[in-house]
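What follows is each chain in one-letter form.
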Amino acid sequence: MASITKLTLCLVFFLLLSFPLTLSSPLHLRSSKNAPRFLADFSRTINNSRPLKYSKYRYETRYFDQILDHFSFSDLPTFRQRYLINTEHWVGSGQLGPIFLYCGNEGDIEWFAVNTGFVWEIAARFGAMIIFPEHRYYGESMPYGSREEAYKNVTTLAHLTAEQALADYAVLITELKRNLSAQACPVVLFGGSYGGMLAAWMRLKYPHIAIGALASSAPVLQFEDIVPPEIFYDIVSNDFRRESVDCFNTIKKSWNVIASEGEKNDGLLRLTRTFRFCKKLETADDLSNWLSSAYSYLAMGNYPYPSDFLMPMPGNPIKEVCRRIDSCPDGTGILQRIFEGVSVYYNYTGTVDCFDLDDDPHGMTSGWDWQACSEMIMPFASSKNTSMFPAYDYNYTSEEELCLENFHVKPRPTWITTEFGGHGFKSVLKTFGSNIIFSNGLLDPWSGGSVLEDISDTIVALVTEKGAHHLDLRPATAQDPDWLVDQRTAEVELIKGWLEEYYEKRKATFDL
């Protein structure tokens, strides 16, 4: 019997493990009821129906003995960091061929490689080498020899941080260039979502290593009080409202209906049957989380053409969800309307017999849970007036208690802005930054936490009204609208300008 992957509510932030400190596998996590989750859930829902061997992109898989702690001299074991490399179009070190490095996200690097067509498609134009390094503690890049050992306790997880990951990329590319006698070859960074955050931060922290960065859908401002905590869910809600006010209102009303039904005798059984779950629901919240995930993923993947990056979906999937909700015959109940709509996300192909809330086939959960409890502290809330989701306020105290209980770690909510900046970002980036593209589509709920206006001539925001989550990094298709083609053209021209400036400066230096 077919089943579908569990997609729980939003950003895996503050999904936690239970004390004692030794973690079991598979992990059974207890989360705050309203904890938004996304970055890790998003990456682990990538459609794996097609084997990677059929990818049109060719690469060699290599491994690099990486330092576990770059910021101490402790006698710790190294680990094998996986990276993918393609030199098919590289013009070589003699011609100062550029190196395009994608900053690996919180997941298996191969999935990001095959879904980042933009980098592959422009490599030939620039004569570039392509590198996709994998983020530590994800995929095959596991310290201590295995996932079980790496995720064992707070001590073994201590080196899973954004700072360590960036240092990994810096060390890897430096050693690779040295081995290839390519020290003078310029490096351009790419990344989407969390990978986009890493790309922007790496350009700022290691400007001597990379000459520029394309940071797509990178919510680098989604910390502390830099942006309103309600902005994520407001954008998701507006995506639905713009298609149909009736659809928006049906979804908004559904939460109370679900909660009320769940409290009735045999109510959970009826909900299980209505939504065709493989096993009986334990709580009505499980259903609400499942639905919330779908709505937010639909907003992130609201592409103008059919896609299967997350799940097989039609073009403009939110439009189709609302069409199904609104077109049910008169007298159709709210729950049945909701089921018809959410099936666009979970079962557009019609091949799923029942849905399984317990699947985690990519084993992604615990890595991002740790990051969300240590340094990646992003406040989220849902407004009673503007959101179609259940209203709640952000409560740091309760999240801290969960992190202490489950990970035995106290979050550092101000560390990211201390390490990478955020407050007063306009003046800081204008003064100290250069050569960063922040690309965003306003349909993407993560756009609310990104940079949406030009900071300077070299810190540029490319914003599209109808774009979704790092759509510009997706492979080009014949169905790409003109505005998307124009966005990618602008990105290529900016990258070309960075490289030309680099070559001109080197020539001027040698001419002296």
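No experiment lies behind these values; they were computed from the predicted model shown.

J.: What's the story with the environment of Glu-121 in this structure? I'm lost.
T.: Summarising the element assignment, Glu-121 is placed in helix H3 (residues 117-126). The exposure class of Glu-121 is partly exposed, given its relative accessible area of 32%. In the structure, Glu-121 is positioned 64 residues away from Tyr-57 in sequence and 9.6 Å away in space, judged by C-alpha atoms. Beyond its immediate chain neighbours, meaning those up to four positions away, Glu-121 contacts Lys-56, Tyr-57, Pro-475 and Ala-476. Among the polar contacts listed, one links the side chain of Glu-121 to the backbone nitrogen of Ala-476, at a separation of 3.1 Å.

J.: Quick question: what am I supposed to make of the packing of aromatic side chains here?
T.: A ring pair, where both rings are aromatic, is described by two values, the distance of the centres and the angle of the planes. Summed over the entire model, instances satisfying the criterion amount to 34 aromatic pairs. Measuring from centroid to centroid gives 5.5 Å for Phe-232 and Phe-380, while their planes differ by 80°, and the two rings are edge-to-face. A residue pair is termed long-range when its members are at least 10 positions apart, and Phe-232 in helix H8 (residues 231-241) and Phe-380 in the loop between helix H14 (365-374) and helix H15 (396-407) qualify at 148 residues. Pair check on accessibility: Phe-232 and Phe-380 agree, each one buried. With centroids separated by 5.8 Å and ring planes inclined at 65°, the aromatic side chains of Tyr-502 and Tyr-503 adopt a geometry described as edge-to-face. Judged by its relative accessible area of 28%, Tyr-503 falls in the partly exposed class.

J.: Even after reading the chapter, I still don't get the environment of His-89, so can you show me in this structure?
T.: Here His-89 shows up in the loop between strand E4 (79-86) and strand E5 (99-102). Look at His-89 and you get partly exposed, because its relative accessible area is 32%. Once the C-alpha coordinates of His-89 and Ile-122 are considered, the two residues, 33 residues apart in sequence, prove to be 10.0 Å apart. Beyond its immediate sequence surroundings of up to four residues, His-89 is in contact with Ala-123, Ala-124, Gly-127 and Ala-128.

J.: Would you mind showing me how to read a nonpolar patch on the surface here?
T.: Together, Leu-442, Leu-452 and Val-463 line one region of the surface with nonpolar side chains, adding up to about 210 Å² of accessible area. Its relative accessible area of 38% is what places Leu-442 among the partly exposed residues.

J.: Honestly, the pattern of salt bridges in this entry has me stumped. Any pointers?
T.: Once their charged atoms are close, side chains differing in charge can pair, the charge on each being opposite to the other. Evaluated as defined, the whole model comprises 18 salt bridges. As a salt-bridge pair, Arg-82 and Glu-134 come within 2.6 Å of each other at their nearest N and O atoms. Pair noted here: Arg-82 is in strand E4 and Glu-134 is in the loop between strand E6 (129-133) and helix H4 (147-150), with a separation of 52 residues, a long-range link. Exposure class is identical for Arg-82 and Glu-134. Each is buried. A salt bridge links Arg-270 to Glu-261; the nearest nitrogen and oxygen atoms lie 2.6 Å apart. When its relative accessible area of 36% is taken as the criterion, Arg-270 is described as partly exposed. Of the residues examined, Glu-261 reaches a relative accessible area of 13% and is grouped as buried. Each member of the salt-bridge network shares a partner with another, and the members are Arg-82, Asp-108, Glu-110, Glu-134 and Glu-140.

J.: I would appreciate a short explanation of the pairing of strand E10 (residues 459-464) in the present structure.
T.: The side chains of a regular strand alternate between both faces of the sheet. The element E10 is largely enclosed, with a buried count of 5 among its 6 residues. For strand E9 (residues 436-441) and E10, the ladder comprises 6 bridges, and the chain directions are parallel. Note that in E10 the partner of Ile-437 across the bridge is Val-460.

J.: Whenever I open this one, the nonpolar core confuses me. Can you help?
T.: The tendency in soluble globular proteins is for nonpolar side chains to be buried side by side. Counting 117 residues, the largest nonpolar core has Trp-201, Phe-240, Phe-275, Trp-290, Leu-291 and Tyr-295 as the members making the most contacts within it. Grouped together as the second largest cluster of nonpolar side chains are 28 residues, Phe-112, Phe-118, Ile-437 and Leu-473 included.

J.: Even after reading the chapter, I still don't get unusual backbone geometry, so can you show me in this structure?
T.: Across residues other than glycine, the phi torsion is negative in most instances, and most of the peptide bonds are trans. With phi around 75°, Tyr-137 is a residue other than glycine that occupies positive phi space. Here Tyr-137 lies in the loop between E6 and H4. Despite not being glycine, Arg-276 shows a phi value in the positive range, around 55°. Inspection of the secondary structure assignment puts Arg-276 in the loop between helix H10 (267-274) and helix H11 (284-300).

J.: Before we go on, may I ask you to explain H10 in this structure?
T.: Since the α-helix advances by 3.6 residues per turn, residues separated by three or four positions end up pointing in the same direction. For H10, the complete set of buried residues consists of Gly-267, Leu-268, Leu-271 and Thr-272. Taken around the axis of H10, the buried residues stretch over an arc of 140°, which confines them to a single face. Close packing links the buried residues of H10 with helix H9 (245-262), H11 and helix H13 (334-346). Downstream of H10 by one or two residues, Arg-276 has phi in the positive range, about 55°.

J.: Help me understand the environment of Arg-412 in this model?
T.: Counting through the fold element by element, Arg-412 comes out in the loop between H15 and helix H16 (415-420). Judged by relative accessible area, Arg-412 falls into the exposed class, the value being 54%. Separated by 36 residues in sequence, Arg-412 and Met-376 have C-alpha atoms that sit 8.2 Å apart. If we skip the residues at most four places from it in the chain, Arg-412 touches Ser-374, Glu-375 and Ile-377.

J.: How should I be thinking about the state of the cysteines in this particular structure?
T.: Where two cysteines share a covalent bond between their sulfur atoms, that bond is called a disulfide. Evaluated as defined, the whole model comprises 3 disulfides. The side chain of Cys-247 participates in a disulfide bridge whose partner is Cys-322; the two sulfur atoms lie 2.2 Å from each other. Judged by the torsion about the S-S bond (-70°), the Cys-247/Cys-322 disulfide is left-handed. Residue Cys-247 is located in helix H9, and its partner Cys-322 is located in helix H12 (residues 317-326); the two are separated by 75 residues in the primary sequence. On the accessibility criterion, Cys-247 (0% relative accessible area) is buried. Between the sulfur of Cys-373 and that of Cys-403 lies a disulfide, 2.0 Å long from S to S. Its S-S torsion of approximately -85° makes the covalent link between Cys-373 and Cys-403 left-handed.

About the thresholds
- Residues numbered from 1 in each chain as written.
- Predicted model: local features only at pLDDT ≥ 70, side-chain atom pairs only at ≥ 80, totals over all residues.
- Heavy atoms only, no water.
- Helix = DSSP H or I, 4+ residues; strand = E, 2+ residues; numbered from the N terminus.
- Buried < 20%, exposed > 50% of the residue type's maximum accessible area, 1.4 Å probe, protein only.
- Contact = heavy atoms within 4.5 Å.
- Polar contact = N/O pair within 3.5 Å; in protein donor to acceptor, adjacent residues only side chain to side chain.
- Phe/Tyr/Trp six-rings, centres within 6.5 Å; stacked < 30°, edge-to-face > 60°.
- Patch = residues over 30% accessible without salt bridge, like charges linked within 9 Å, V, L, I, M, F, W, Y side chains within 5 Å.
- Areas by Shrake-Rupley, 256 points an atom, 1.4 Å probe, with all protein chains shown as cover.
- Salt bridge = Lys/Arg side-chain N within 4 Å of Asp/Glu carboxyl O.
- Pairing = 2+ DSSP bridges.
- Core = buried A, V, L, I, M, F, W, Y, C linked by side-chain atoms within 4.5 Å.
- Arc of directions from axis to C-beta.
- Disulfide = S-S within 2.5 Å.

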